[in-house]
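Here is what each chain is made of, one letter per residue.
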Amino acid sequence: MLIKELKKELEKYSPAQKEKLLLEIYKTLPKKVIEKYEIDNFIKNLNETTEKKKEIFLNIDELEKEVYSFLSDVKNDLYCLPNKIIKNEDRSKWRFKVKKYIKFIKNTDPVSIEGVRATECLIDLYKIMSRGSNYAYFVSYNTFQGIGIEQRDYLQMIYERLFKTKNENTIKKCIEL
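These lines cover the structure that appears in this document, whether it is placed above or below. Since we're looking at a predicted model, the values are computed, not measured. (Residues numbered from 1 in each chain as written. Predicted model: local features only at pLDDT ≥ 70, side-chain atom pairs only at ≥ 80, totals over all residues. Heavy atoms only, no water.)

1. Remarks on the overall build of the protein chain
Operational definition: By the criteria applied, helices consist of DSSP H or I runs no shorter than four residues and strands consist of E runs no shorter than two, each listed in order from the N terminus. Atoms counted for the radius of gyration: C-alpha only. Globule rule: 2.2 Å times residue count to the power 0.38. Burial classification: accessible surface area is computed with a 1.4 Å probe over protein chains only, and a residue below 20% of its type maximum counts as buried, one above 50% as exposed, and the rest as partly exposed.
Counting its secondary structure elements, the protein chain contains 11 helices and 0 strands. Taken against the 2.2 N^0.38 rule, which gives 16 Å for 177 residues, the C-alpha radius of gyration of the protein chain at 22 Å runs more than 25% over that of a compact globule. With the C-alpha coordinates of the protein chain rotated into their principal frame, the extents come out at 70 × 35 × 25 Å. The buried share of the protein chain, taken over its 177 residues, is 29%.

Here it is in structure tokens:
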């Protein structure tokens with residue numbers, strides 16, 4: 001049933017019937033689903049916000065911390081081998097993390113100090129994803145297709161950021177990449 005259809009059906013019920021319906025649905029939900037989608041928390045905090053909270057980085061320090069933690073996990077094969085640190089369902093979601101990092105990095109000014117640090121994170125992500133095309137870091141070998149960016153376009157994005165902050169190491173970094 002679509003949400004639109006569900007809303008029409010719910011209009012037919014009284015508040016007491018809606019409460020009974022909610023309780024019956026809740027009883028049928030497996031504990032895993034309740035925990036995964038934090039349904040209890042949603043029910044308790046419904047009045048505070050009904051919008052989905054999106055993870056955003058407030059500053060470059062938070063981004064760096066998360067990116068380098070992610071890279072460490074990848075290098076330790078935690079995204080391709082069964083383990084108790086990264087859940088099975090989270091292993092295939094690595095691409096969404098990388099997309100989130102790239103989106104934040106794109107919104108930083110490459111000339112600023114924070115932008116230079118963000119560019120370094122972008123470079124480190126590029127290196128691990130390039131290696132991931134030949135080594136089983138992830139569940140798939142096609143890492144750049146996984147994030148929806150061609151490898152050459154990703155590299156072009158790095159080059160553009162590097163050349164906006166020209167220094168003595170810019171050409172050297174571009175050649176190394």
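There is more to say after this.
2. Details of the side chain of T119
The test is simple: Residues are treated as being in contact if the distance between any of their heavy atoms lies within 4.5 Å.
Here T119 shows up in helix α8 (residues 113–132). When near neighbours in sequence (up to four residues on either side) are disregarded, T119 contacts R161 and L162.

3. Topic: the environment of Y135
Here Y135 lies in the loop between α8 and α9 (143–147). Taking the C-alpha atoms as reference points, Y135 and K8, separated by 127 residues in sequence, lie 51 Å from one another. Setting aside its immediate chain neighbours within four residues, Y135 contacts D77 and Y141.

4. Observations regarding the layout of surface pockets
Note the threshold: Buried and open spaces are told apart on a 1 Å grid over the protein atoms alone, a cavity being a set of points where a 1.4 Å probe fits but cannot get out and a pocket being an open set with protein on both sides within 12 Å along at least five of seven lines. Residues with an atom within 4 Å of a point are the lining residues. Grid points are joined across faces, edges and corners, and a volume is the space filled by probe spheres set on the points.
Taken as a whole, the second largest pocket encloses approximately 270 Å³ of empty space. Every residue along the wall of the second largest pocket is listed here: I3, L6, K7, L10, K18, L21, L22 and I25. For the lining of the second largest pocket, the secondary structure elements donating two or more residues are α1 (3–11) and α2 (15–28).

5. Quick notes on the environment of N169
In this fold, N169 is placed in the loop between α10 (151–164) and α11 (170–176). Taking the relative accessible area as the measure of exposure, N169 reaches 36% and is therefore partly exposed. Residues N169 and I25, 144 residues apart in the sequence, show an inter-C-alpha distance of 60 Å.

6. Quick word on α2
To keep things clear, this is the line we draw: In a helix, the anticipated span is given by 1.5 Å times the number of residues less one.
Helix length check: α2, at 14 residues, gives a terminal C-alpha distance of 20 Å against a target of 20 Å (1.5 Å per residue), a fit within 8%. Here α2 lies mainly on the outside; 0 of its 14 residues are buried.

7. Some remarks on the pattern of salt bridges
Test applied: Salt bridge, as used here: a side-chain nitrogen of Lys or Arg that lies within 4 Å of a carboxyl oxygen of Asp or Glu.
Counting across every chain of the model gives 7 salt bridges. R117 is the salt-bridge partner of D61, the closest N and O atoms lying 2.4 Å from each other. Highlighted residues: D61 in helix α5 (residues 60–75) and R117 in helix α8, separated in sequence by 56 residues. On the basis of relative accessibility, which here comes to 45%, the residue D61 falls in the partly exposed class. Among the charged side chains, a network of salt bridges with common partners joins D61, E64 and R117.

8. Section: the packing of α5 against α8
Helix packing geometry: the angle between the two helix axes and the distance between the axes. Here is the rule we go by: All axes here are fitted lines through C-alpha atoms, helices being fitted over the stretch that makes contact, and every angle between N-to-C directions spans 0 to 180 degrees. Orientation categories follow fixed angle ranges, with anything under 35 degrees roughly parallel, anything over 145 roughly antiparallel, 65 to 115 roughly perpendicular, and all other angles oblique. Left-handed describes a crossing in which the near helix is turned anticlockwise from the far one by less than a right angle; the clockwise case is right-handed.
Contact geometry for α5 and α8: axes closest at 10 Å, N-to-C directions at 15°. One way to sum up the angle between α5 and α8 is to call them roughly parallel. The interaxial crossing formed by α5 with α8 has left-handed handedness. Each of I60, D61, E64, V67, Y68, F70, L71, V74 and K75 in α5 lies in contact with α8, whose residues at this interface are E114, R117, A118, E120, C121, D124, L125, I128 and R131.

9. Notes on the nonpolar core
The cut-off we apply is this: Working definition of a nonpolar core: buried Ala, Val, Leu, Ile, Met, Phe, Trp, Tyr and Cys residues. They are joined through side-chain atoms within 4.5 Å.
Of all hydrophobic cores here, the largest spans 34 residues; its most connected members are F70, I102, I147 and Y154. Those elements giving two or more residues to this core turn out to be α5, α7 (94–106), α8, α9 and α10. Ranked by the residues each element gives to this core, the list is headed by α8, at 8 residues. Beyond its immediate chain neighbours, meaning those up to four positions away, Y154 contacts I102, L122, L125, Y126, M129, F144, I147 and I149.

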